[in-house]
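# Results of the structural survey
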Amino acid sequence: MDQNSESSGGVRTGVATYVVEAVVAALLLLLGITVVISSWGLGAGWTSDGPGSGYFPFYIGIVICISGAGTLFQALFGKEKNTEVFVDGEQLKRVLQVLIPAIIYVGAIQVFGIYVSSAVYIALFMIYLGKFSPIKAIIAAVGVNTVFFLMFEVWFKVPLYKGSIDLLSFLGY
Amino acid sequence: MEEINSLFHGFAVIMTPMNFLLMVIGIVLGVLIGVLPGLGGANGVAILLPLTFSMSPTSAIIMLSCIYWGALFGGAITSVLFNIPGEPWSVATTFDGYPMAQQGRAGEALTGAFTSSFIGAFVAVVMITFMAPLVAKFALRFGPPEFFSVYLLTFCSFVGMGKGSPFKILASMALGFALASVGMDTVTGQLRLTFGFEEFMRGFDFLIAVIGLFGIGEILLSMEEGLAFSGKSAKIDPKIVFQTWKKLPAYWITSVRSSLVGIWMGVTPGGATPASFMAYGLAKKMSKNGSKFGTGELEGVVAPETAAHAAGTAALLPMLALGIPGSPTAAVLLGGLLIWGLQPGPLLFVEQKDFVWGLIASMYLGNLVGLLVVLTTVPLFASILRIPFSIIAPVIIVICAIGAYTVHTAMFDIWLMIVFGVVGYLFKKLDYPLAPLVLALVLGDKAEDSFRQAMLTSQGEVSVMFSNPLVGTITGLALIMLFWPLISRLIAKVRPPKVDEFANDRPVD
């Protein structure tokens, strides 16, 4: 399992933390401005029957702007600029190894429903990232999903998403 | 002694075989959640919440609160055996717990941890039993300005007592409020901040946020660190348990002190994590063996565990009595109350006696059952951590996806969960605290309502927040908390501050 091997020696390369910090702060600032503008449009003032719909969000937007601007300023011009590496290549690879399949998995749920997608997802994850033999992986994946199926559909009667192509329709749930 | 009567009534309510079974199931699930990376108390309860929709509220809260106790217990197992804190509040437990395990005293450390958790929780529950009805009675006189000032105090406390940049705490909190205001405005019926997306009309459910931020975010972080679990094994046999129990009374001062610290930090939304660090620091300073702390002192396990459990339990007091939770997990439980059609707040003690006292009685029983369950099943849970992460990680992501879907049976929520997961990963890495975001998201509507009502009664005059001594004091305290980072800087100029030796170890949460 390659995630167990620590990134071996060498200089860690990657984006410095303060850059990421600044980008997130800038996004927050942008979000704050959006909230302020749209609450202003809703009526941030005093209407005939009391505070308008945008009254509260307007001030919240201002707080987001202040905190975003403050963090942005600290990140770029602060005394202790954090120049440590935010993620190095190895770490980023590991994170994306989980994140990208997870996004594909959610996309698959949309089409094939939760049970089928989950089984395939768990099996592939085990085979490719865990280096398990396909037979073990498939047994584990099918087993886990059978338990989920029994628990949700049969015992607790909480139907889960079946997707636009329901491959399990023969089960009658 | 009305409380004692009510309490016994509560015991009568919960003493059914079904509730007892739910209690054990809850504890086992909770320990499992506490042990597994990526599943914590808050999102564990959030994921399992939809399963309880069909139960009676009393049974449901018994099971969910037992999951919470279980998660609190579970954190200690990973800290002691694997040096990996399963929860942020068990970081301080690793300082002495792991060295003890390395010396082959894992059983002693675990027994000490579990027992002191139980004691901390017990003291906090006794406090809740007698204090909560009083606080609720007092709060019955509250009007909208008073309630808003309490909300203000809650959120300003995060700024005053939190660790890290005050800007980031504010940002996280305001982001929560902004997300809470998306969707239909409850007063005017106008759509707000939906930007024309139909899916936004429902608003953002905090359960989705909790599952994404804490669940997916945590998995991404664990993945980045490349977790390899290599831990000590532990067996707890009755002999070690009794030997440890014989030693524990010697640390009674530490236990009492840690319980008080925990209760204080739990009621004010300081949370379990700072409480555990504070208790550890105090114990180190005041104990005779203080210099040996960090090398495997039983007292160094007792202090943080007692405080963390006392804080985790005490966080339920403001939730029950005022409807304002003191921690993210308490916030999730509060969300559950709303879903079951109960209105949290002072009226709960008048209108839902069975429920409230059933819950309080279940805290006593749940903790006792929890102690027995964890003492007997540690090897089982420790072996779960030996399952390779490449099986656990996808299964947890699947569980999170199912949990996110079942909240509103909406596919869009699963996408939202992934987005929140990425946000959670970034925020954790950049030291933005997540608790204020979750609490703001839960309380956003109610805080806004009380703000508007307060403003309506005063016709927009902000001075209503100082209109009587009570509301004035609370608002004043809130403002002190809000500007505490600045005030403490001024104080530091006059008098050099004490150095916080655990500043680097304490996580932001």
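Residues numbered from 1 in each chain as written. Chains lettered and ligands numbered in written order. Predicted model: local features only at pLDDT ≥ 70, side-chain atom pairs only at ≥ 80, totals over all residues. Heavy atoms only, no water.

Now for the overall build of chain B. Across its full length, chain B carries 22 helices and two strands. Taken over C-alpha atoms, the radius of gyration comes to 22 Å for chain B, in line with the 23 Å a tight globule of 509 residues would show. Seen through its principal axes, chain B has C-alpha atoms that stretch 70 × 55 × 50 Å. In chain B, which comprises 509 residues, the share counted as buried stands at 64%. Contacts in chain B between residues far apart in sequence, at least 24 positions, make up 79% of those at least 6 positions apart. When the accessible surface of chain B is totalled, it reaches about 18500 Å², and 67% of it is carbon and sulfur. If the 28 positive side-chain charges of chain B are averaged to one point and the 29 negative ones to another, these points end up 11 Å apart. (Helix = DSSP H or I, 4+ residues; strand = E, 2+ residues; numbered from the N terminus. Rg over C-alpha atoms; globule rule 2.2 N^0.38 Å. Buried < 20%, exposed > 50% of the residue type's maximum accessible area, 1.4 Å probe, protein only. Contact = heavy atoms within 4.5 Å. Areas by Shrake-Rupley, 256 points an atom, 1.4 Å probe, with all protein chains shown as cover. Lys, Arg positive; Asp, Glu negative; His and termini not counted. Charge placed at Lys NZ, Arg CZ, Asp CG, Glu CD.)

The helix and strand tally for chain A stands at five helices and two strands. Traced from its N-terminal end to its C-terminal end, chain A shows the element sequence α-β-β-α-α-α-α. Across chain A, the fraction of contacts at a sequence separation of at least 24, relative to all contacts at a separation of at least 6, is 66%. About 9200 Å² of surface is accessible on chain A, with carbon and sulfur atoms providing 71% of the total.

So, on to a nonpolar patch on the surface. A grouping of Val15(A), Val19(A), Val23(A), Leu27(A) and Leu30(A) is seen on the molecular surface, where their side chains present a nonpolar patch of about 440 Å² in accessible area. Examined against the element boundaries, Val23(A) turns out to sit in helix 1 (residues 17-43). (Patch = residues over 30% accessible without salt bridge, like charges linked within 9 Å, V, L, I, M, F, W, Y side chains within 5 Å. Salt bridge = Lys/Arg side-chain N within 4 Å of Asp/Glu carboxyl O.)

With 92% of its residues at a pLDDT of 70 or more, chain A has an overall mean of 84. Confidence over residues 1-10 of chain A falls short of pLDDT 50; this stretch has 23 contacts with residues more than four positions distant or in other chains. (pLDDT = per-residue confidence, 0-100.)

Right, let's get into unusual backbone geometry. Of note, Lys131(A) is a non-glycine position whose phi angle comes to about 55 degrees, a positive value. With respect to the secondary-structure elements, Lys131(A) resides in the loop between helix 4 (114-128) and helix 5 (134-155).

Residue and element names in this part refer to chain B. Scanning the entire structure with this criterion turns up two cavities of 30 Å³ or more. Looking at the largest cavity, its volume works out to about 40 Å³. Every residue lining the largest cavity is listed: Glu-199, Phe-200, Arg-202, Gly-203, Phe-204, Asp-205, Phe-412, Asp-413 and Leu-416. Its residues assigned to classes, the lining of the largest cavity shows four nonpolar, one polar and four charged. (1 Å grid on protein atoms, 1.4 Å probe; cavity = no way out; pocket = protein on both sides within 12 Å on 5 of 7 lines; lining within 4 Å. Points joined across faces, edges and corners; volume = space filled by probe spheres on them. Nonpolar A, V, L, I, M, F, W, Y, C, P; charged D, E, K, R; others polar.)

Residue and element names in this part refer to chain B. Among the nonpolar cores identified, the biggest contains 220 residues, and Leu-81, Phe-114, Leu-316, Ile-360, Ile-414 and Met-417 are the most heavily contacted of them. For this core, the element with the most residues is helix 17 (residues 353-384), which contributes 18 residues. Discounting chain neighbours no more than four positions away, the residues touching Leu-316 are Tyr-68, Trp-69, Ile-128, Ala-330, Leu-333 and Met-363. (Core = buried A, V, L, I, M, F, W, Y, C linked by side-chain atoms within 4.5 Å.)

Looking now at the packing of aromatic side chains. Inspection of every chain in the model, using the stated rule, returns 33 aromatic pairs over all chains. Ring geometry for Phe122(B) versus Tyr364(B): centroids 5.7 Å apart, planes at 75 degrees, classification edge-to-face. Of the two residues, Phe122(B) is situated in helix 6 (residues 106-139) and Tyr364(B) in helix 17; the sequence distance between them amounts to 242 residues. Classification of Phe122(B) by relative accessible area gives partly exposed; the value is 39%. Tyr364(B) gets classed as buried once you look at its relative accessible area, which sits at 15%. Ring geometry for Phe138(B) against Phe142(B): centres 5.8 Å apart, planes inclined by 75 degrees, an arrangement best described as edge-to-face. Exposure remark for Phe138(B): the relative accessible area of 39% places this residue in the partly exposed category. Feature note: the residues Trp40(A), Tyr55(A), Phe56(A), Phe58(A), Tyr59(A), Phe148(B), Phe155(B), Phe158(B), Phe177(B) and Phe451(B) constitute an aromatic cluster, connected by ring pairs. Between the NZ or CZ atom of Lys168(B) and the centre of the ring of Tyr432(B), over which it lies, the distance is 5.3 Å. (Phe/Tyr/Trp six-rings, centres within 6.5 Å; stacked < 30°, edge-to-face > 60°. Lys NZ or Arg CZ within 6 Å of the ring centre and 35° of its normal.)

Turning to the side chain of Ser117(A), a few remarks are in order. Residues and elements named next belong to chain A. Within the element layout of this structure, Ser-117 appears in helix 4. Taking relative accessible area as the criterion, Ser-117 reaches 6% and is therefore assigned buried. Look past the residues within four positions of Ser-117 in its chain and what remains in contact with it is Tyr-105, Ala-108, Ile-109 and Phe-112.

Once that is clear, we can look at the packing of helix 12 (residues 272-286) of chain B against helix 13 (residues 299-314) of chain B. Residues and elements named next belong to chain B. Remark: helix 12 packs on helix 13, axes separated minimally by 8 Å, with the N-to-C direction vectors making an angle of 150 degrees. Crossing hand, helix 12 versus helix 13: right-handed. Along its contact with helix 12, which presents Ala-272, Ala-275, Ser-276, Ala-279, Tyr-280 and Ala-283, the element helix 13 presents Gly-300, Ala-303, Pro-304, Ala-307, Ala-308, Ala-311 and Gly-312. When the residues that make up the contact of helix 12 with helix 13 are grouped by side-chain class, the tally is ten nonpolar, three polar and no charged. (Axes fitted to C-alpha atoms, helices over the stretch in contact; angles between N-to-C directions. Left-handed = near helix turned anticlockwise from the far one by under 90°.)

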